[in-house]
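Structural overview
Listed below are the residues making up each chain.
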Amino acid sequence: MQSNQGVRQHPAGRRAVLATAGCGAVALAGMGWAAVDPLKASARTALEEMLQLTPPRPVLAPPLPPRRVTHPAVYPAEAIAEWGEFKRRYVSPDGRVIDTGNGGVSHTEGQGWGMLGAVAFDDVATFESLHGWTARTLQRRGDRLHSWRYQPNAHIPVADANNATDGDLFIAQALWRAAWRWGRADWAQAAQAIARDILALLVRETGTRSVLLPGVHGFETSACLTVNPSYYVFPAMEEMAALAPSPVWGRLLADGHAMLAEARFGRWQLPPDWLRMDRETGALAPHPNWPARFSYDAMRVPLWLSWSEQNLQSDLNCFETYWNFYTTFTPAWVNLKTNISANYPAPPGLLAVGQVAVALSRSVAKQHSVITFPLIRSSPNYYSAALTMLSRYAWQECRNM
């Protein structure tokens with residue numbers, strides 16, 4: 001939910017309500033990536049042996065790790081400096097990414113995004129700090145997923161044991177990349193375990209679709225499922241399909257793209273932040289317990305689509321049309337039922353997402369396109385700054401592919 005100043009609240013904030021109400025009534029600075037493979041032969045051997053010792057579920061042709069994992073991008077000096085600024089503003093000495101727009105809480109989304117940044121900029125010390133804090137503080141009992149939120153001033157800082165699926169995907173993605181980056185078989189094992197628990201605990205079959213739930217608890221009834229389109233983090237899911245091969249990943253990816261092609265509403269034919277999916281027919285509608293908006297969650301969808309190895313022009317056309325319409329003022333959200341838009345602007349991070357999604361949708365021109373990213377200091381809070389950094393990663397990696 002957003003205030004009228006456009007400050008985003010983490011979308012899992014209503015999980016306690018969801019768990020009881022149901023669908024019908026809810027809610028280092030450095031030199032960047034090395035130009036050559038960073039793993040020594042011994043480290044690579046250890047990693048490959050680990051993967052052989054923990055065989056994945058049966059699959060006819062296990063895919064190779066995606067190029068963005070094994071052939072990382074090289075970041076310019078400006079991006080390296082911005083990573084340092086992001087850390088200075090939002091990463092605590094003990095490894096906690098602080099959401100300054102939500103009372104200083106931390107959550108798995110932020111931890112995963114921070115870990116991805118540390119890998120991108122070869123910042124092993126920050127990665128170890130972030131991963132250590134996350135494992136110590138948010139690891140759930142009984143599986144390898146993570147509790148979604150830490151509230152530093154609460155009597156019980158981790159009061160809700162429920163996970164957030166996007167956060168777990170980001171953490172696993174970062175661990176898998178770190179395993180290749182620094183030759184750590186234990187991090188690959190940890191990522192593999194998270195990926196397998198996502199498949200075991202968070203996938204449902206409904207109608208003709210395989211569906212990814214936003215969390216273990218509170219998002220399904222006998223009649224419907226609650227789905228967050230922005231939790232379909234396609235680049236992370238593609239990497240998990242290589243790490244923990246299973247035909248389920250292929251179905252989730254294909255059905256996720258198909259779902260997003262159908263879940264288009266309003267004048268601009270955009271996806272909402274939250275969807276209601278009929279369990280029997282798979283029919284989609286904006287979820288009645290949230291505003292029917294293309295807003296702070298759904299605006300991440302085009303970033304995941306453009307970062308995906310598929311990167312289909314047809315998936316991105318509607319977003320390009322929407323952003324091109326607003327030449328001087330881009331609103332923070334638009335209501336998909338009334339077509340009324342916010343009277344305050346989208347923060348810099350969401351504008352960065354739009355720039356990258358539009359540029360990457362024009363695949364022929366992407367090698368020649370120039371993007372001027374917002375500076376971290378121009379963002380009003382963590383979320384905007386983090387989206388700017390993620391947009392940098394997507395842009396640099398896709399130009400490297």
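Residues numbered from 1 in each chain as written. Predicted model: local features only at pLDDT ≥ 70, side-chain atom pairs only at ≥ 80, totals over all residues. Heavy atoms only, no water.

Taken as a whole, this structure holds 18 salt bridges when the rule is applied. A salt bridge links E238 to R68; the shortest N-O distance between them is 2.5 Å. Taken as a pair, E238 in helix α9 (residues 234-243) and R68 in helix α3 (residues 67-70) lie far apart in primary sequence, 170 residues in all. R68 shares its class with E238; the two are buried. Its salt-bridge partner being R88, residue E85 comes within 2.9 Å of it at the nearest N-O pair. Taken together, the positions of E85 and R88, both in helix α4 (residues 77-90) and three residues apart, correspond to about one turn of that helix. (Salt bridge = Lys/Arg side-chain N within 4 Å of Asp/Glu carboxyl O. Helix = DSSP H or I, 4+ residues; strand = E, 2+ residues; numbered from the N terminus. Buried < 20%, exposed > 50% of the residue type's maximum accessible area, 1.4 Å probe, protein only.)

Applying the stated criterion across every chain, the model contains 31 aromatic pairs. Put simply, the rings of Y75, W83, F86, Y90, W113, F121, F170, W304, W307, Y382, Y383 and Y393 touch in pairs and so form one group of aromatic residues. The lysine or arginine in question, R293, covers the ring of W333, its NZ or CZ lying 3.6 Å from the ring centre. (Phe/Tyr/Trp six-rings, centres within 6.5 Å; stacked < 30°, edge-to-face > 60°. Lys NZ or Arg CZ within 6 Å of the ring centre and 35° of its normal.)

The next subject is empty space enclosed by the protein. In this structure, the second largest cavity encloses a volume near 30 Å³. Around the second largest cavity sit F86, W113, A386, M389, L390 and Y393, which together line it. For the lining of the second largest cavity, the element with the most residues is helix α14 (residues 382-400), which contributes four residues. Here the residues of the lining of the second largest cavity sort into six nonpolar, no polar and no charged. (1 Å grid on protein atoms, 1.4 Å probe; cavity = no way out; pocket = protein on both sides within 12 Å on 5 of 7 lines; lining within 4 Å. Points joined across faces, edges and corners; volume = space filled by probe spheres on them. Nonpolar A, V, L, I, M, F, W, Y, C, P; charged D, E, K, R; others polar.)

Turning next to the packing of helix α5 (residues 108-120) against helix α6 (residues 124-138). Two packed helices can be described by the angle between their axes and the distance between those axes. Look at α5 against α6: their axes get within 8 Å of each other, and the N-to-C directions meet at 155°. In terms of axis orientation, α5 runs roughly antiparallel to α6. The element α5 and its partner α6 pack so that their crossing is left-handed. Between α5 and α6, the residues in contact are T108, Q111, G114, M115, A118 and V119 and T126, F127, L130, H131, W133, T134 and L138, respectively. The residue makeup of the contact of α5 with α6, split by class, is seven nonpolar, six polar and no charged. (Axes fitted to C-alpha atoms, helices over the stretch in contact; angles between N-to-C directions. Parallel < 35°, antiparallel > 145°, perpendicular 65-115°, else oblique. Left-handed = near helix turned anticlockwise from the far one by under 90°. Contact = heavy atoms within 4.5 Å.)

The next subject is the sheet that holds strand β6 (residues 275-278). What the three strands build is an open sheet, ordered β5-β6-β7; its pairing is antiparallel. Pairing within the sheet leaves two strands with one partner each, and these edge strands are β5 (224-227) and β7 (284-286). Taking the axes of each pair of neighbouring strands and ignoring which way they run, one obtains an average angle of 25° across the sheet. Of the pairings in the sheet, the one linking β6 to β7 comprises three bridges and is antiparallel in character. Looking across to β7, one finds that R276 is bridged to A285. (Pairing = 2+ DSSP bridges.)

In this structure, K87 sits in helix α4. With a relative accessible area of 19%, K87 lands in the buried category.

Ranked by internal contacts, the top residues of the largest apolar core, which has 115 residues, are F86 and W249. Residue contributions to this core peak at eleven residues, all from α14. Ignoring anything within four residues of it in the chain, the contact list for W249 reads L169, A195, I198, L199, M237, M240, A241 and A244. (Core = buried A, V, L, I, M, F, W, Y, C linked by side-chain atoms within 4.5 Å.)

The contact between α6 and helix α7 (residues 165-182) brings their axes to 12 Å, and the two run at 140°. Comparing their axes, α7 and α6 come out oblique. As for the relative orientation of α6 and α7, their crossing is left-handed in sense. In this structure, α6 contributes V124, F127, H131 and T134 to the contact, and α7 contributes I171, A174, L175, A178 and W182.

Let's shift gears to the confidence of the model for the protein. Here the protein averages 86 in pLDDT, and 83% of its residues register 70 or above. Scored below 50 in pLDDT, residues 1-22 shows 59 contacts in the model against residues more than four places distant or in partner chains. Note that pLDDT drops below 50 for residues 53-62; the model gives that stretch 14 contacts with residues more than four away or on any other chain. (pLDDT = per-residue confidence, 0-100.)

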